[in-house]
Amino acid sequence: MRFYRAKDYNDMSRKAANIISAQIIMKPQCVLGLATGSTPIGAYRQLVEWYNKGDLDFSEVTTVNLDEYKGLARDNRQSYYYFMNENLFSKVNIDTDRTFLPDGMEADSEIACRKYNEIIHSVGGVDLQLLGLGHNGHIGFNEPGIAFETETHCVTLSERTRKANMRFFISEDHVPRQAYTMGIKTIMSAHKILVVVSGEDKADIVRQAFFGPVTPQIPASILQLHNDVTIVADEAALSKCTEKI
Ligand code: F6R
């Protein structure tokens with residue numbers, strides 16, 4: 001695992017955006033695995049800025065997102081499609097026919113997950129997968145205890161995750177109870193993985209996930225076994241890592 005220490009959130013965002021843009025420049029027709037949540041917003045903002053300057057071209061890029069809430073339509077402001085559209089897709093020259101997320105409106109979980117797996121396979125897998133890190137070590141919506149060998153599946157969200165995501169909803173009652181997510185096996189199949197982490201509230205989980213034992217109780221710990229993982233974290237998120245990084 002490679003660690004890049006960033007001064008603060010903005011520095012983390014710039015460094016992460018640099019890695020993503022290098023991927024797009026080196027392989028214009030690449031497949032990016034994307035994440036939502038608060039952490040990657042700054043990196044998306046930076047990518048949009050470079051696109052506006054004429055330094056980046058998304059016209060041949062394909063994207064597959066990690067997850068989507070079950071039951072939310074694309075035009076629902078809380079859906080992850082809406083988030084991606086707001087933060088990236090509508091602001092760059094990406095072909096929206098090549099931007100994929102699980103279909104939150106497919107009520108049949110088996111169909112939704114099978115179709116999403118087929119999409120990921122049909123685009124040839126992910127070149128660079130961007131990940132945020134949940135406070136309990138979740139990646140995508142793979143909560144503690146999940147089997148490492150899963151592909152896309154339907155999850156029931158933990159109370160902690162629902163509470164953490166409540167900030168985007170009117171109340172906790174409005175946070176969906178289920179979501180479709182890429183599984184750990186899918187995430188681990190990406191050629192390269194980029195994890196972004198910011199803030200002191202993530203310091204404990206950064207230490208446990210990347211310096212502790214590999215265990216399904218901390219899903220992100222599996223990343224220790226991937227051969228091309230880059231972690232861009234700010235000082236605050238690294239504050240409990242005493243290891244030399
Ligand atoms: C988002 C996702 C989640 C988040 C994680 C961290 O698509 O899959 O795993 O990456 O919950 O969220 P933030 O960045 O809001 O702390």
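Keep in mind that this is a model prediction, so the values were computed, not measured. Every chain is numbered on its own, with residues counted from 1 as its sequence reads. Only residues with pLDDT of at least 70 are given local features in this predicted model, and only at 80 or more are side-chain atom pairs given and counted; all residues enter the totals for whole chains, interfaces and linings. Computation of side-chain values: all heavy atoms of the structure, hydrogens and water removed.

1. Observations regarding the overall build of the chain
For the record, the criterion: Note on conventions: DSSP H or I runs of at least 4 residues are helices, E runs of at least 2 residues are strands, and numbering of each starts at the N terminus. Computation of the radius of gyration draws on C-alpha atoms, with the globule rule given as 2.2 Å multiplied by the number of residues to the power 0.38. Only protein chains enter the accessibility calculation, which uses a 1.4 Å probe; a residue is then buried when its area is under 20% of its type maximum, exposed when over 50%, and partly exposed in between. Contacts between residues were defined by any pair of non-hydrogen atoms, one from each residue, lying within 4.5 Å. Methods summary: accessible areas were calculated by the Shrake-Rupley approach with a probe of 1.4 Å, and residue burial reflects only the protein chains presented. Counted charges follow a simple rule, with Lys and Arg positive, Asp and Glu negative, and His plus the chain ends left uncounted. Taken as the charge centre is NZ of Lys, CZ of Arg, CG of Asp or CD of Glu, depending on the residue.
When helices and strands are tallied, the chain shows seven helices and ten strands. For the chain, whose C-alpha radius of gyration is 17 Å, the value lies close to the compact-globule estimate of 18 Å for 245 residues. Taking the principal axes of the C-alpha coordinates as reference, the chain spans close to 45 × 45 × 35 Å. Expressed as a percentage of its 245 residues, the buried residues of the chain come to 53%. Intrachain contacts of the chain at a sequence separation of at least 6 include 79% that bridge at least 24 residues. Accessible area of the chain: about 11,000 Å², with a carbon and sulfur share of 49%. Here the chain contributes 26 positively and 31 negatively charged side chains, and the mean placements of these two sets differ by 4 Å.

2. Considering the sheet that holds strand 4 (residues 67-69)
Our working rule: Criterion used throughout: strands pair if DSSP finds at least two bridges between them. To define axes, lines are fitted to C-alpha atoms, for helices over the stretch in contact only, and angles between the resulting N-to-C directions are given on a 0 to 180 degree scale.
Pairing within the open sheet is antiparallel, and its three strands lie in the order 4-8-7. One side of each edge strand has no neighbouring strand; the edge strands of this open sheet are strand 4 and strand 7 (153-156). For this sheet, the mean inter-axis angle between neighbouring strands, taken without regard to orientation, is 25 degrees. By the bridge criterion, three bridges tie strand 4 to strand 8 (residues 178-181) in an arrangement that is antiparallel. The residue of strand 8 that forms the bridge with aspartate 67 is threonine 181.

3. Some thoughts on the site of the ligand
Keep this limit in mind: Each residue is tested against the molecule or strand, and it is near if at least one of its non-hydrogen atoms lies within 4 Å. The term polar contact refers here to a pair of N or O atoms within 3.5 Å; inside protein, the definition further demands a hydrogen-donor-capable atom paired with an acceptor-capable atom, and it admits residues adjacent in sequence only when both atoms are side-chain atoms. Each residue is assigned to one of three groups, with Ala, Val, Leu, Ile, Met, Phe, Trp, Tyr, Cys and Pro labelled nonpolar, Asp, Glu, Lys and Arg labelled charged, and all others, Gly among them, labelled polar.
Around the ligand lies a shell of 15 residues, among which Thr39, Asp67, His138, Gly140 and Lys202 are the nearest. Between the ligand and threonine 36 there is a distance of 2.9 Å, counted from an oxygen atom to a side-chain nitrogen or oxygen. Its free accessible area being 410 Å², the ligand has 92% of it covered by the protein chains. Classifying every residue of the shell around the ligand by side-chain character gives four nonpolar, eight polar and three charged.

4. Some words on the packing of aromatic side chains
Put simply, the rule is: Pairing of aromatic side chains requires ring centres within 6.5 Å, counting the rings of Phe and Tyr and the six-membered ring of Trp. Pairs whose planes differ by under 30 degrees are stacked, by over 60 edge-to-face, and all others tilted.
One pass over the structure, following the stated rule, counts eight aromatic pairs. With centroids separated by 6.2 Å and ring planes inclined at 70 degrees, the aromatic side chains of phenylalanine 3 and phenylalanine 210 adopt a geometry described as edge-to-face. Residue phenylalanine 3 is found in strand 1 (residues 2-6), and its partner phenylalanine 210 is found in helix 7 (residues 203-211); the two are separated by 207 residues along the sequence. Each ring, one from tyrosine 69 and one from phenylalanine 141, has its centre 5.6 Å from the other, and the planes form 45 degrees; the classification is tilted. Of this pair, tyrosine 69 sits in strand 4 while phenylalanine 141 sits in the loop between strand 6 (128-131) and strand 7; the two residues are 72 residues apart in sequence, bridging distant segments of the chain. As far as the burial class goes, tyrosine 69 and phenylalanine 141 line up, both buried. Grouping aromatic residues by their ring pairs yields a cluster made of Tyr69, Tyr80, Phe141 and Phe169.

5. Some points on the packing of helix 2 (residues 41-52) against helix 3 (residues 80-87)
Note the following rule: Roughly parallel means an angle under 35 degrees; roughly antiparallel means over 145; roughly perpendicular covers 65 to 115; every other angle is labelled oblique.
Put simply, helix 2 and helix 3 touch, their axes get as near as 10 Å, and they point 40 degrees apart. On the basis of the axis angle, helix 2 is oblique to helix 3. Contact with helix 2, carried on its side by Ile41, Tyr44 and Val48, involves Phe83, Met84 and Asn87 of helix 3 and no other residues of that element. Partitioning the contact of helix 2 with helix 3 into residue classes produces five nonpolar, one polar and no charged.

6. A word on the side chain of aspartate 67
We count it as follows: Any Lys or Arg side-chain nitrogen located within 4 Å of an Asp or Glu carboxyl oxygen qualifies as a salt bridge.
Position of aspartate 67 among the secondary structure elements: in strand 4. Although aspartate 67 is buried, it forms no salt bridge, and the closest oppositely charged side chain is arginine 167 at an N-O distance of 12 Å. Within the structure, the side chain of aspartate 67 is placed 3.5 Å from the backbone nitrogen of phenylalanine 141, a separation counted as a polar contact. Every residue in contact with aspartate 67, bar those within four places of it in the chain, is listed here: Thr36, Tyr80, Leu101, Pro102, Gly140, Phe141, Tyr180 and Thr181.

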